[in-house]
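The lines below spell out each chain.
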Amino acid sequence: MKIKNWLALSYLIVLLLPFAAVYGLYISISHFERQQDFREFVEARQQMEELETILQDEKLYHIQPRENYQEIEKAASGSIRITLYRPDGVTLYSSWNDSYAGRLLQVDTSRLYSGLNDLSKHARTYSLKQTVFHDRELTGIYEITLPRDVWMDGVNNRTIVVGGILILFIALVYGTVIWVLHRKLTRPLGQLREKMTKFAKGEPLNDHWSHSRDEIGELIAHFYQMKKQIERTRQELVQQQQEKQFIVAALSHDLKTPLTVIQAYSESLWGGRLLSEEERQEYAGILFNKIAYMKQLLHDLSLYTALQSEEKESEQVKVDGEELFDMLLNGYEEPCSQNKIKLHTEVCVRNIYCLNPEQIMRVVDNVMANSIRHTPPGKNLWLAAVSSDCLMPEWVFGPFRRELDSFRSGGTLLLIQNEGEVIPENLQKRIFLPFVQAGDARSNGSSGLGLSIAKKIIEQHGGKIGLWSEDGYGTLIACWLREGEHMDET
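The residue numbers shown here count from 1 along each chain, following its written sequence. Residue-level local features of this predicted model are given only where pLDDT is at least 70; pairs of side-chain atoms are given and counted only at 80 or more, and the full residue set underlies all totals for whole chains, interfaces and linings. Calculation of side-chain values draws on the structure's entire complement of heavy atoms; hydrogens and water are dropped beforehand.

**A look at the overall build of the protein chain**
Where we set the bar: Only DSSP runs of H or I with at least four residues qualify as helices, and only runs of E with at least two residues qualify as strands; both kinds are numbered from the N terminus onward. Note on classification: 1.4 Å probe, protein chains only; a residue is buried when its accessible area is under 20% of the maximum for its type, exposed when over 50%, partly exposed between these limits.
Helix and strand content of the protein chain: 12 helices and 12 strands. Residues counted as buried form 39% of the 490 residues belonging to the protein chain.

**Some words on the packing of aromatic side chains**
Think of a pair of aromatic rings as described by two things: how far the centres are apart, and how the planes are tilted against each other in angle. Keep this limit in mind: Two rings from Phe, Tyr or Trp (for Trp, the six-membered ring) form a pair when their centres sit within 6.5 Å of each other. Planes less than 30 degrees apart are called stacked, planes more than 60 degrees apart edge-to-face, and all others tilted. Two conditions define a charge sitting above a ring: the NZ of Lys or the CZ of Arg must be within 6 Å of the ring centre, and it must be within 35 degrees of the ring normal.
All chains considered together, the criterion is met by 9 aromatic pairs. What links up through ring pairs into an aromatic cluster is the set Trp 382, Trp 395, Phe 397, Phe 400 and Tyr 473. Cation over ring: Lys 464 sits above Phe 407, and NZ or CZ is 4.6 Å from the ring centre.

**Re the sheet that holds strand β9 (residues 380-386)**
Rules: DSSP bridges decide pairing: two strands pair if at least two such bridges lie between them. An axis is simply a line fitted to the C-alpha atoms; with a helix, the fit covers only the stretch in contact. Between two such axes, the angle follows the N-to-C directions and lies from 0 to 180 degrees. By definition, residues are in contact when any of their heavy atoms lie within 4.5 Å.
Strand order in the open sheet made by the 5 strands is β7-β9-β10-β12-β11, with mixed pairing throughout. Looking at which strands have only one partner, the edges of the open sheet turn out to be β7 (342-348) and β11 (464-470). Mean inter-strand twist for the sheet, computed between neighbouring axes without regard to direction, equals 10°. Here β11 runs beside strand β12 (residues 474-482); their pairing, made up of 7 bridges, is antiparallel. Across the sheet, residue Lys 464 finds its bridge partner in β12, namely Trp 480. In the packing of helix α9 (residues 357-373) onto the sheet, contacts are made with β7, β9, β10 (411-418) and β12, and the angle to β10 comes to roughly 25°.

**Side note on helix α12 (residues 450-460)**
Burial runs high along α12: 8 of the 11 residues are buried. Just past α12, the residue Gly 462 takes up positive phi, approximately 75°.

**Quick word on the sheet that holds strand β2 (residues 91-94)**
If you walk across this open sheet you meet the 5 strands as β2-β1-β5-β4-β3, and the pairing is antiparallel. If you trace the sheet from one side to the other, it starts and ends with β2 and β3 (119-121), each paired once. Geometrically, the sheet is characterised by an average inter-axis angle of 15° between neighbouring strands, direction not taken into account. The pairing of strand β1 (residues 81-85) with strand β5 (residues 137-147) spans 5 bridges and is antiparallel. Residue Ile 82 lies in a different strand from β5, and its bridge partner there is Ile 144.

**Description of the nonpolar core**
Here is the rule we go by: By nonpolar core is meant a set of buried Ala, Val, Leu, Ile, Met, Phe, Trp, Tyr and Cys residues that side-chain atoms within 4.5 Å join together.
Ranked by internal contacts, the top residues of the largest apolar core, which has 39 residues, are Phe 325, Met 368 and Leu 414. If you tally residues by element for this core, the top one is α9, at 6 residues. Among residues more than four places away in sequence, those in contact with Leu 414 are Phe 325, Leu 329, Ile 360, Val 364, Ala 384, Ala 385, Ile 477, Ala 478, Cys 479 and Leu 481. Counting residues in each nonpolar core, the second largest holds 21 residues, with Met 48, Tyr 69, Ile 72 and Ile 80 among its members.

**Description of the state of the cysteines**
Here is the rule: The definition used for a disulfide is geometric: two cysteine sulfur atoms within 2.5 Å.
Under the definition given, this model contains 1 disulfide. Here Cys 348 connects covalently by a disulfide to Cys 390, the sulfurs 2.0 Å from one another. Because the torsion about its S-S bond is -80°, the bridge between Cys 348 and Cys 390 counts as left-handed. Taken together, the positions of Cys 348 in strand β7 and Cys 390 in the loop between β9 and α10 (398-407) put the pair 42 residues apart, joining distant regions of the chain. Since its relative accessible area comes to 6%, Cys 390 is described here as buried.

**A short note on the packing of helix α7 (residues 321-328) against α9**
This is how it is decided: Here is the rule for angles: anything less than 35 degrees is roughly parallel, anything more than 145 is roughly antiparallel, 65 through 115 is roughly perpendicular, and the remaining ranges are oblique. Should the near helix be turned anticlockwise from the far one by less than a right angle, the crossing is termed left-handed; should it be turned clockwise, right-handed. Ten residues, namely Ala, Val, Leu, Ile, Met, Phe, Trp, Tyr, Cys and Pro, are considered nonpolar, four, namely Asp, Glu, Lys and Arg, are considered charged, and the remaining ones, Gly among them, are considered polar.
Taken N-terminus to C-terminus, the directions of α7 and α9 make an angle of 40°; their axes are 10 Å apart at the nearest point. The angle between α7 and α9 falls in the class oblique. Judged by the sense of rotation from one axis to the other, the crossing of α7 with α9 is right-handed. Taken together, the residues of α9 that come into contact with α7 (itself represented by Leu 324, Met 327 and Leu 328) are Pro 357, Ile 360, Met 361 and Val 364. Tallied by class, residues from the contact of α7 with α9 come to 7 nonpolar, no polar and no charged.

**Observations regarding a negative patch on the surface**
Note the cut-off: Each patch is assembled from residues with relative accessible area greater than 30% and no salt bridge, linking like charges that lie within 9 Å and nonpolar side chains (Val, Leu, Ile, Met, Phe, Trp, Tyr) that lie within 5 Å. A 1.4 Å probe and the Shrake-Rupley method give the accessible areas. Residues count as covered only by the protein chains that appear here. Take a side-chain nitrogen of Lys or Arg and a carboxyl oxygen of Asp or Glu: if they are within 4 Å of each other, that pair is a salt bridge. When charges are counted, Lys and Arg are positive and Asp and Glu negative, with His and the chain ends excluded. By convention, the charge on Lys lies at NZ, on Arg at CZ, on Asp at CG and on Glu at CD.
Taken together, the side chains of Asp 320, Glu 322, Glu 323 and Asp 326 make up a negatively charged region of the molecular surface. Ranked by the residues each element gives to the negative patch, the list is headed by α7, at 3 residues. Along the polypeptide, Glu 323 turns up in helix α7. Accessibility expressed as a relative area gives 61% for Glu 323, which makes it exposed.

Bear in mind that shape data such as this cannot, by itself, settle questions of function.
Shown next as structure tokens:
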């Protein structure tokens, strides 16, 4: 239960307890009154009848010394009150007076004569006012008041019991609230503070901390989400830092070799030794190739850095898929023919796409250049674009088909498959990192950023890229693109 619900419930209980206690006391007293009422009335009636035999004596209703009322005083033992009046309202005797104080005082006759001959029940007493006649003349009035001691004792006992229960319940609610607050608030907050301190110091934390589903549990869950996000950000920063260090080291290495070559051939061209025209042209060709390689390397690095920037946004437009992919997959016959590679193309696309055509073209160029470079002469290379409503091409290698069917779900695939040497499994997981290359790629003029750039572009389009390589078959690279007119938010 939520802490706010616990607090609201406890506040409501404490608020209602006094009303419940009053109601319980009322019910208890009412029940006690129903049980006691008739018996008490009969006992009061019997006592009064016993006193009436004494009080009916007409001699008592004349002014006389108090000693003459000794028989009445004996009968009025305890807390019974007996008062005698003359017909004109003069008080002749009261058992509650120890002296003559209050005697011979005249009371209001209208009050005196009200309620005559009726046994009246009050909260604390029973009272009876009765007339006394002699020779058919009114000689006096007596009033008997009997205390309801049993009734009062019962009410007092029940009040004490109900009050004790009320105090017990308040103490129980208070103790429960303190326990709940300690269990749900104080202890978890203390543990959370301890874990936050450890996390701030970089100490390892146990991620399997069971917590409740209240507000503190939500706070703990948010803390672990924040912890995971911070750790993920730290790992990304470390990875980016390592990646930058690796890029700098790889770039330094890749630039050092052509610069050394350029320096050596430049010195030969401008040095003292005479060169033949054929040698000059050869040296100039080597210089141009190395400069072009360095230019391509710097261009790829600049593009990779731009794609890595979070502020870089891909300008996407709606294009017809069939027309676009027909254009993208054309133009590779000549480089394949020069390398004596058999190229097979296939387009089965019938959708509208939102993408950046120039960047997707760069993806196909980079992957195809990589595939051509690693396809031996006389081998086959397949290039295809297949939407989700088309069958998978039959030429896809058997070991790749099951995983590729799951990979293609709901999207269009760009497939580049070649027959060639297998890529080692440990390298397959790193092949899309910058400057990670297989075999003698550097000697073939590769910058080592082509697949990394392709991966960045595909991810910016909300897609994904995968690689499969199997000994005895070859290598397949698949790029997944979202279908439809949905604009990707980058």
